[in-house]
Every structure is written in structure tokens, then in C-alpha cells.
Amino acid sequence: MSAYYIGRLLFRGNQHPVIKALVGGAILIVALHIPWLNIVVWAAMVFFGLGAELLAIYDRRPWRRARQDENAPAQPTPLRKF
């Protein structure tokens, strides 16, 4: 998640998501080898990952889906041919 986010910050265009993640991952690997900075980078990676997991878990909750269905615009019923 962190690698993709960093890659997305660098490539603002229609670059392939895998390229964004690979470039962001390379930047994170280099940053993890710098003393003292590696602690901050590691903590940021952990918090980004936990945040993404919590958002994914929250999105799968039954009450979350019910609320999305209520706010969805009403779809017209299709006409039946007899």
C-alpha cells in the first residue's frame, strides 16, 4: 500500500499500477537502508498497511453495505413484454 502510494505521488499520469508500486517499493527499500530514517519509514509502512486493512474490513461489514444500498438512486423497473 505504501509503495503504491509513493509511486502514485511520483507518476501523476496514466502509468500502469504495477510500475507505480515497483518504483515506490524501490524508494522504500532504499529508505529502509538509511540509519534513523528506517525507523520512521517502517512505522509509516505499518500504519499505512493497518489503515488499509481496517478500511477494507469496515467496507465488508453488513451495515456498511445496507447504508450504501439506501443511498443508491432508485433504478427504474424494466418493462415486461407479454
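Scroll up for the structure.
Just so it is clear, the structure is predicted and the values come from calculations on it, not from any experiment. (Residues numbered from 1 in each chain as written. Predicted model: local features only at pLDDT ≥ 70, side-chain atom pairs only at ≥ 80, totals over all residues. Heavy atoms only, no water.)

Draft legend 1. Geometry of the overall build of the protein chain. Looking only at helices and strands, one finds four helices and zero strands in the protein chain. Mapped in sequence order, the helices and strands of the protein chain form the string α-α-α-α. Expressed as a percentage of the 82 residues in the protein chain, the buried residues total 11%. When contacts within the protein chain are restricted to residue pairs at least 6 apart in sequence, those whose partners lie at least 24 apart make up 20%. Summing over all exposed atoms, the protein chain offers an accessible surface of approximately 7300 Å²; the carbon and sulfur share of this is 67%. (Helix = DSSP H or I, 4+ residues; strand = E, 2+ residues; numbered from the N terminus. Buried < 20%, exposed > 50% of the residue type's maximum accessible area, 1.4 Å probe, protein only. Contact = heavy atoms within 4.5 Å. Areas by Shrake-Rupley, 256 points an atom, 1.4 Å probe, with all protein chains shown as cover.)

Draft legend 2. Fine view of the packing of aromatic side chains. Tallied over the entire structure, the rule returns one aromatic pair. Measuring from ring centre to ring centre gives 5.5 Å for tyrosine 5 and phenylalanine 48, while their planes differ by 35°; the resulting arrangement is tilted. In this pair, tyrosine 5 is assigned in helix H1 (residues 2-10) and phenylalanine 48 in helix H3 (residues 37-59), connecting sequence segments 43 residues apart. (Phe/Tyr/Trp six-rings, centres within 6.5 Å; stacked < 30°, edge-to-face > 60°.)

Draft legend 3. Region of interest: the environment of tyrosine 4. Turning to its location among the elements, tyrosine 4 is positioned in helix H1. A residue is classified by how much of its surface remains accessible, and tyrosine 4, at 31% relative accessible area, is partly exposed. In this structure, tyrosine 4 is in contact with Pro17, Lys20 and Ala21, ignoring residues within four places of it in sequence.

Draft legend 4. Here's a closer look at the packing of helix H2 (residues 17-32) against H3. Remark: H2 packs on H3, axes separated minimally by 8 Å, with the N-to-C direction vectors making an angle of 140°. Judged by the angle between their axes, H2 and H3 are oblique. Between H2, through Leu28, Ala31 and Leu32, and H3, the contact on the second element is made entirely by Leu37, Asn38, Val41, Trp42 and Met45. (Axes fitted to C-alpha atoms, helices over the stretch in contact; angles between N-to-C directions. Parallel < 35°, antiparallel > 145°, perpendicular 65-115°, else oblique.)

Draft legend 5. Inspection of H1 at higher detail. Burial in H1 covers these residues: Ser2, Ala3 and Gly7. Across the axial projection of H1, the buried residues extend over an arc of 135°, all falling on one side. On its buried side, H1 packs onto H2 and H3. (Arc of directions from axis to C-beta.)

By themselves, these are just geometric observations and shouldn't be taken as functional.
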